[in-house]
Amino acid sequence: MGRKKVAAAMRARAGWWAAALVLSAALVATLLGGGRSGLAIAASDGSAWLWSRTAGEVDRVNPDSGKVEQRRQVTDARGHRVQVTQNDRYLLIHDLDTGRVSSLNLNGLGFSGKLDIGTRGDPHLAMGGASAALIERTSGAVRALDPSTLRPVGPVLQLPGPLVGGEFDDAGLLWVAVPGQGTAVALKVTDKGASIVHTAGVADPGHDLAVTVLDRGALVVDRGGRALVVATGDGTRKVAVSVPLDGAMVPDRTHGALAAVTVPAAGSVVTLGDVRKGGPVRSFPLSDPVQEPAVPFAGKVYLPVRNTGQVRVFEPTGRQTGVLNMPSGRGDLEVQVREGNLFVNAPGSTDALVVGDDGVARTIGKYPGGSGHGGDGPDTPGGGESSPPQVPVPPADPVFPNPFDPGQPRQTPELPLPTKPGKPWKHAPTEPADPSPTPARPSGPAPSLPLPTRGPSTSPSSPSTGTTPSAPSTGSKPSSRPTTSKPSSRPTTSKPSSTPTTSKPSSRPTTSKPKPKPTQTRNPYTPQQVCNASAGGNYKIQRSTPFAGGRIYQLYSATTKNNCAVTMKTTNIGKGTSVWVRLQSQTGKVASDSGTFKYYAGPVFVHAPGICVRYSGGASGASASSGWANCG
C-alpha cells in the first residue's frame, strides 16, 4: 500500500510539472509572438497605434496602463499628415503628403512592404482581418493588396466613379457607395482580387451621398434629401429624418448600434438609436462650429471641437454629460474607435486621450516629455527592453508601380440590379465569377447601371467621332444615358443650323479641366461666427482678401481689443484639405493655425490695440496676404 501511494503521488507530481511546462511554453510563445497564441493576444489587448507628427513615429498605446509600449519611426514622414490603418497583424502607414505607404509587420516591428500610390485620384486604403484594398475614389477603381508586401493581387475592379466610403465591416465585406448610380455596393476582397457580392439601391442617381460602415452593412446618408438608408446583405431599410442633410458628415466607421450624423449647415446632430431597427431617431443642436463628425461610442456621442481642443460628450437625446479637454490639441484633433476603445489623438502634440467603455478618460503622453504616462516608455524608436527585435526589410525592392497602371487588366462587371431603397431585393449570385488575370470584357454594361465615362478629360477625344455638336455633351451626364429618348430627340438638331456662332466648340477646351460636383456649395460658417464662438467679444470684419479656393478675413473686437483672422474655404467645402492662416502685429506677436480642415482654418487672435496688423493664409496650394493696416 505504501508503495502504491508513493507511485500515485509521483504520477500526480509529474502531471503537474507537465501541465506547468505546457503552460510555460504557451506563455513563451505568446511573448515571442509565435503562432496563433500571439495573434490572439494581439487581437484582445485593445491597444492601438497613434501617429505623432512632430516625432515622425507611430506609437503603440496600451489603454489599460496609459503607457506607450512600442514605437517605430517612419522615414521621411516627420511633419506630414499620416493615416494609420491597423489589424491584428499589420499596420498600414499612409503618408497623405507624399502618397507613400508602408506596411509594418506587428510581429517584429519591421517594414515588410512599401508602395507609392501618389496623391491624385483620392486614394484610400482599407484593411480587414485578412485582406487589404486600395480604392481610387475619383475613378472608381478598386484593387486588392497583399497586406504584408503591399503587392497588388488580381485584376483591377472598375466601378462607376466617383466612389464614397470604403471600409470593411465585421463580416469582412468592403462597402462603398456609387453616387452616380444611387447604390451601395458590398465587395469581397481575397488573394484573387475584389468582386461584387451585393448591390442595393439607396438614393436617386446623382444624389450626393455620405457613408459610414457599420458592424454589418453600411449607413448611407442622402445629402440631397432627408433620408438615411441602412444597407446590409439582407436588403435595405429607409429611415426618414426631420433635418435637411445638406453637407452631412459621418465617421468612416461606426462601431455598435448607435449611429450619429453631424449636419453643420442645419446646426444639428442626428442620432439613430439602433441602426438594426431603424430608430429611435433624435436630433440636438450644435453649440460650436465643428469640422469633424461626431463619433458614437459605448452609447454616447463624442463631438470634437477643433477650435477649443475639446471633445463634448452627449447622450443620444442631446444632454451633455461631459467634456474632454486637450488644450494642446486645439485645431488638431482626431477621434477614432479602435480595438474597443475611443482614442482622441492630437498628432502635432505630445498628448492623447483614451476612453474605455466605462466613459473614463486617461491622458497618454506619446513620447518622453508628454504630460501623460508616455515618459515611462522607451526613448528610442523601436527600442526598449520589452520591444521585439526589428525584422529587416526584404532585400527585394518593395516599391511597386502604380497599381492602377492602365496597361494592367481590369474587371468591369455588370452590377446586380438593385431595387429602390426600403424594399427587399434579390441577392446577387452567391458564387461570384472569379476574376481571371485577363478577364474578357462584357458585351455591354447592364442597361440600368451604365459605366460612365472617365470624366471631362475623355471628352476631347470624342469630337473626332461626333459630327453633331451635342454628342460630346452626353459624356458629362452619365446618369442621363439610360434614358435613350434624348438621342431620338436630338436629330432635330436646330442648334447645328444656328451654330455659326461656334462659341461652344471654342469653349469646349475648358471642359478638359475636371469639374467635380462639390458636396457643398456654400460654407455653413461665417467669420463672425467662428471668432465669436471661440472667444466672444462681438467681432466685426475689418477687411478680407480672396484667393483661388478661399478668402482670408481679419476681424476686430472693440470689447477685447483683439484682432482675429480666419481662412474660409470656398471650394472643396466639407472635404478635408490643407488650410492655413497667420496673423502678425508690428510688435512681433504672431498667431497661426494650419492643418487638414473641411471648412476653415483658425481662428487665431492677436492682442494689438492701436498697433498695425497683417495676415496671410491659403488652401490647397493657393494663398494670399495683406499689408500692414488697422492701426487705430
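Each chain has its residues counted from 1, following the order in which its sequence is written. For a predicted model such as this one, the threshold for reporting local features is a pLDDT of at least 70, and the threshold for listing and counting side-chain atom pairs is 80 or more; totals across whole chains, interfaces and linings nevertheless cover every residue. The side-chain quantities take in all heavy atoms of the structure and omit both hydrogens and water.

Participant: Describe the overall build of the chain, and please don't skip the residues or the numbers.
Facilitator: A count of helical and extended segments in the chain gives six helices and 39 strands. Throughout this description, buried means an accessible area under 20% of the type-specific maximum (1.4 Å probe, protein chains only), exposed means over 50%, and partly exposed covers the range between. Counting the 632 residues in the chain, one finds 47% classified as buried. The contact rule is simple, with two residues in contact once any of their heavy atoms fall within 4.5 Å. A sequence separation of at least 24 residues applies to 49% of the contacts in the chain between residues at least 6 apart. Of the roughly 29,300 Å² that the chain leaves accessible, carbon and sulfur atoms contribute 54%. A run of H or I in DSSP counts as a helix once it spans at least four residues, and a run of E counts as a strand once it spans at least two, with each numbered from the N terminus. Accessible surface area values rest on a Shrake-Rupley calculation with a 1.4 Å probe, where residue burial reflects the displayed protein chains alone.

Participant: Outline empty space enclosed by the protein, supporting the account with residue identities and numerical values.
Facilitator: A cavity, in this analysis, means grid points on a 1 Å lattice covering only the protein atoms where a 1.4 Å probe fits yet has no way out; a pocket is instead an open set bounded by protein on both sides within 12 Å along at least five of seven lines, and a residue lines either one if it has an atom within 4 Å of a point. Grid points are joined across faces, edges and corners, and a volume is the space filled by probe spheres set on the points. Going through the model one piece at a time under the given rule, you end up with one cavity of 30 Å³ or more. In this structure, the largest cavity occupies an estimated 30 Å³ of space. As for the largest cavity, its lining consists of Gln 291, Arg 306, Asn 307, Gly 331, Asp 593, Phe 597, Tyr 600 and Gly 602. Elements supplying a minimum of two residues to the lining of the largest cavity: β36 (590-597) and β37 (600-607). All amino acids are sorted into three groups, where Ala, Val, Leu, Ile, Met, Phe, Trp, Tyr, Cys and Pro are nonpolar, Asp, Glu, Lys and Arg are charged, and the leftover types, Gly among them, are polar. Of the residues contributing to the lining of the largest cavity, the split by class is two nonpolar, four polar and two charged.

Participant: Describe in detail the packing of aromatic side chains, supporting the description with residues and values.
Facilitator: Within 6.5 Å between ring centres, the rings of Phe, Tyr and Trp (the latter by its six-membered ring) count as paired, and their orientation is classed by plane angle as stacked under 30 degrees, edge-to-face over 60, tilted in between. The full count for this structure, using the stated rule, is five aromatic pairs. Centre to centre, the rings of Phe 297 and Tyr 302 are 6.2 Å apart; their planes meet at 55°, and the pair counts as tilted. Here Phe 297 falls in the buried class, since its relative accessible area comes to 7%. When the centroid spacing of 5.7 Å and the interplanar angle of 55° are considered together, the rings of Tyr 539 and Phe 605 count as tilted.

Participant: Tell me what's going on with the state of the cysteines, and back it up with residues and numbers.
Facilitator: Pairs of cysteine sulfur atoms within 2.5 Å are identified as disulfides in what follows. For the coordinates displayed, the defined rule picks out two disulfides. Residue Cys 531 pairs covalently with Cys 564 via a disulfide, S to S 2.0 Å. Handedness of the Cys 531-Cys 564 disulfide follows from its S-S torsion of about -80°: it is left-handed. Of this pair, Cys 531 sits in helix α6 (residues 527-535) while Cys 564 sits in strand β34 (residues 562-569), and the two are 33 residues apart along the sequence. Pair check on accessibility: Cys 531 and Cys 564 agree, each one buried. The cystine pairing of the chain, numbering bonded cysteines in sequence order, is 1-2, 3-4.

Participant: Lay out the nonpolar core in plain terms, naming residues and giving numbers.
Facilitator: Across soluble globular proteins, nonpolar side chains show a tendency to be buried alongside one another. In this text, buried Ala, Val, Leu, Ile, Met, Phe, Trp, Tyr and Cys residues form a nonpolar core when linked through side-chain atoms within 4.5 Å. Core analysis: the biggest nonpolar cluster contains 24 residues, and Val 290, Val 301, Tyr 525, Leu 555, Val 566, Met 568 and Tyr 600 have the highest contact counts within it. At the level of secondary structure, the elements contributing two or more residues to this core comprise β24 (300-305), α6, β33 (550-557) and β34. Ignoring any residue separated from it by four or fewer positions in sequence, one finds Val 290 in contact with Met 249, Thr 262, Pro 264, Leu 303, Pro 304, Val 305, Tyr 525, Tyr 599 and Tyr 600.

Participant: Tell me about the pairing of β24, and please be specific about residues and values.
Facilitator: Counting buried residues along β24, five of its six residues qualify, which places the element largely inside the surrounding structure. A pair of strands is labelled paired if DSSP reports no fewer than 2 bridges between them. Examined bridge by bridge, strand β23 (residues 295-297) and β24 share three bridges and lie antiparallel to one another. Each bridged residue has a counterpart across the sheet, and for Phe 297 the counterpart in β24 is Lys 300. Hairpin connection, β23 to β24: the antiparallel pair is bridged by two residues, and Ala 298 has positive phi, about 50°. With five bridges joining them, β24 and strand β25 (residues 310-314) adopt antiparallel strand pairing. Opposite Val 305, over in β25, you have Gln 310 as the bridge partner.

Participant: Quick rundown of the pattern of salt bridges? Include the residues and the values.
Facilitator: When a carboxyl oxygen of Asp or Glu is within 4 Å of a side-chain nitrogen of Lys or Arg, the pair counts as a salt bridge. Within this structure, the stated rule accounts for 12 salt bridges. Asp 215 is the salt-bridge partner of Arg 253, the closest N and O atoms lying 3.2 Å from each other. Of this pair, Arg 253 sits in the loop between β19 (235-240) and β20 (259-263) while Asp 215 is found in the loop between β16 (209-213) and β17 (218-222), placing the two residues 38 residues apart along the sequence. When the shortest N-O distance is used, the salt bridge between Glu 292 and Arg 306 registers 3.0 Å. With a gap of 14 residues between them, Glu 292 in the loop between β22 (281-285) and β23 and Arg 306 in the loop between β24 and β25 connect regions that are remote in the sequence. With respect to class, Glu 292 is no different from Arg 306; both count as buried.

The values reported here are purely geometric and, on their own, carry no functional implication.
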